[in-house]
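Below are the chains, spelled out letter by letter.
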Amino acid sequence: MKDKVQFFPVSITTFCLSAFLFQTFSLTALSSMCFYTCLLLVIIQFIYLCIKKFIDLAGIIRILIIAGFCLTTIILKTPVSKLSFDYLSTFVFLIFLLVSLYNNSIFTCNEKTKCYLAYIIMVVTFIYIFIYILFKNSEKIYWNGNKYYLTFNLTNPNLTGFFLLFLFIYNLMCSFSVGRFLKLISLIFSLSLVFLILQTQARSCLIALLFLVFAVLLFRKYPLNNFIMLLCILIPLIFVMLYMFIIEKGSDLTFLNIFVDEGKGLDSRYEIWKRTLDIIKSNLIGGNYYQISDGTGRFQMHNIWLHVCSGFGVIICIFIIHAFYKSLKAINSTNWQTKFAIICFLTIIIEGTFEAAIFAGTSGIFCLFTQLLSFGEKHHKGSYLNEDSILQ
């Protein structure tokens, strides 16, 4: 049977990218509308999968346990007057990430959908390259800190670099499903995006790019086993432990220069991570959502696992690590395209060593993260959904 274009990957990607585009053009209301549409589509996709009886009962129970436990601990440690949707937004975004992860652990994109995604990604990439060429000498797309950083009018250069990293990954990922000419265009766009990422000077994204190149060279030849995947998932946590140990021992820190930007010391992450670890030690089981966010409900601990542990507790962190690991295990990594999807997913986790944007819900960027899983063929039967089409 001929493939049909699947509705959910195309629509979610379109609205997520549109949220960033509208933010670039300072159309905040439209950006917010696209973001909330992404969240709505994630829920609709979940309901659709349940109706079609593509159900992972263990995955649903995991989400319910995490949601119930987190909400209970948040309510117990928060003054009643502070409770509101805005205050609970970081918790809500975490649950949406887990639902989206669940969806894409079951769902598999077909080749025609990947081809349409390639068109969408290339159009958006072209727009950003055109904006850069048009405004490269303008402060409209730069942020002036100690020096100029490329932002494309987004909130900070790190977020810009992270978004451009996703465009880079999707250009490569979707190039598997297009012809030679579009493969060439995708390669040119990918190289242009590397240049733009360098302009943001987002070190976390540069490190993620280095990991991606290293992993591609290594695992093109060698198998990507479960232990390596689990190790990569844990790298953000392992790095923090090593970093804090080295700083506190007063050892030679010269080799850490790659992580340092102009005007920042080698211990620039030490204070925020030390405070975070202190809160985790005092609130090991359930975290302290109220304290870590200073009563606002919004926080970003510059490390994905410290972010989760501090706000929601070590137990929830273990549950989420397990969810990531199980999602990757569900993918059949016998062919290169599928293995590359796993590598891209792990690349975003490596970037999370220094940022926690995927848990902060920024413009629905977690949808682009979890959707990487849909590019991989699944071990279990019935994951290849072709019924939900927008084009016959």
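Residues numbered from 1 in each chain as written. Predicted model: local features only at pLDDT ≥ 70, side-chain atom pairs only at ≥ 80, totals over all residues. Heavy atoms only, no water.

## Some details on the packing of helix α9 (residues 226–249) against helix α10 (residues 270–282)
Turning to step 1, where the next piece is worked out: The contact between α9 and α10 brings their axes to 11 Å, and the two run at 110°. One element, α9, and the other, α10, form an angle in the roughly perpendicular class. In this structure, the crossing between α9 and α10 has a hand that is left-handed. Residue-level contacts link Phe239, Val240, Met241, Tyr243, Met244, Ile247 and Glu248 of α9 to Tyr270, Trp273, Lys274 and Leu277 of α10. (Axes fitted to C-alpha atoms, helices over the stretch in contact; angles between N-to-C directions. Helix = DSSP H or I, 4+ residues; strand = E, 2+ residues; numbered from the N terminus. Parallel < 35°, antiparallel > 145°, perpendicular 65-115°, else oblique. Left-handed = near helix turned anticlockwise from the far one by under 90°. Contact = heavy atoms within 4.5 Å.)

## Some remarks on the environment of Lys378
Turning to step 1, where the next piece is worked out: Along the chain, the position of Lys378 falls in the loop between α16 (365–371) and β4 (389–391).
Turning to step 2, where the next piece is worked out: Measuring from C-alpha to C-alpha, the distance between Lys378 and Asn332 comes to 5.3 Å, with 46 residues separating the pair along the chain.

## Examining the confidence of the model for the chain
Turning to step 1, where the next piece is worked out: The share of residues in the chain with pLDDT of 70 or more is 89%, and the mean pLDDT across the chain is 87.
Turning to step 2, where the next piece is worked out: Across residues 381–392 the pLDDT falls below 50, and counting only partners more than four positions away or on other chains, this stretch makes 43 contacts in the model. (pLDDT = per-residue confidence, 0-100.)

## With respect to the state of the cysteines
Turning to step 1, where the next piece is worked out: Applying the stated criterion across every chain, the model contains zero disulfides.
Turning to step 2, where the next piece is worked out: Here Cys309 stays free of any disulfide, with the sulfur of Cys317 as its closest cysteine sulfur at 3.5 Å. (Disulfide = S-S within 2.5 Å.)

## Some words on unusual backbone geometry
Turning to step 1, where the next piece is worked out: The backbone phi angle of Ser26 is positive, close to 60°, even though this residue is not glycine.
Turning to step 2, where the next piece is worked out: Looking at where Ser26 falls in the secondary structure, it is placed in the loop between α1 (7–24) and α2 (28–51).
Turning to step 3, where the next piece is worked out: Even without being a glycine, Phe152 presents a positive backbone phi close to 50°.
Turning to step 4, where the next piece is worked out: Considering the arrangement of structural elements, one finds Phe152 in the loop between β3 (148–150) and α6 (157–174).
Turning to step 5, where the next piece is worked out: The exposure class of Phe152 is buried, given its relative accessible area of 1%. (Buried < 20%, exposed > 50% of the residue type's maximum accessible area, 1.4 Å probe, protein only.)

## A look at the side chain of Lys339
Turning to step 1, where the next piece is worked out: In this fold, Lys339 is placed in helix α14 (residues 336–351).
Turning to step 2, where the next piece is worked out: Apart from the residues within four sequence positions on either side, Lys339 is in contact with Phe219, Tyr222, Pro223, Leu224 and Ser333.

## Focus: the pattern of salt bridges
Turning to step 1, where the next piece is worked out: According to the stated counting rule, one finds four salt bridges in the structure shown.
Turning to step 2, where the next piece is worked out: When the shortest N-O distance is used, the salt bridge between Arg298 and Asp86 registers 2.6 Å. On the criterion of sequence distance, the pair formed by Arg298 in the loop between α11 (289–292) and α12 (304–312) and Asp86 in the loop between α3 (57–76) and α4 (89–106) is long-range, its members being 212 residues apart.
Turning to step 3, where the next piece is worked out: Judged by relative accessible area, Arg298 falls into the partly exposed class, the value being 47%.
Turning to step 4, where the next piece is worked out: Residue classification places Asp86 among the partly exposed residues on the basis of a relative accessible area of 43%.
Turning to step 5, where the next piece is worked out: In this structure, Lys274 engages Asp278 in a salt bridge whose closest nitrogen and oxygen atoms are separated by 3.5 Å. In this pair, Lys274 and Asp278 both sit in helix α10, four residues apart, roughly one turn of the helix.
Turning to step 6, where the next piece is worked out: Judged by its relative accessible area of 34%, Asp278 falls in the partly exposed class. (Salt bridge = Lys/Arg side-chain N within 4 Å of Asp/Glu carboxyl O.)

## Points about a nonpolar patch on the surface
Turning to step 1, where the next piece is worked out: A cluster of nonpolar residues, Phe25, Leu27, Leu30 and Met33, forms a patch on the protein surface that exposes about 360 Å² of accessible area.
Turning to step 2, where the next piece is worked out: Note that Leu27 resides in the loop between α1 and α2. (Patch = residues over 30% accessible without salt bridge, like charges linked within 9 Å, V, L, I, M, F, W, Y side chains within 5 Å. Areas by Shrake-Rupley, 256 points an atom, 1.4 Å probe, with all protein chains shown as cover.)

## Some thoughts on the environment of Leu306
Turning to step 1, where the next piece is worked out: Mapped onto the fold, Leu306 is located in helix α12.
Turning to step 2, where the next piece is worked out: In this structure, the C-alpha to C-alpha distance between Leu306 and Thr276, residues 30 residues apart in sequence, is 6.9 Å.
Turning to step 3, where the next piece is worked out: When sequence neighbours within four positions are dropped, the list of residues in contact with Leu306 reads Leu237, Val240, Trp273, Thr276, Leu277, Ile280 and Met301.

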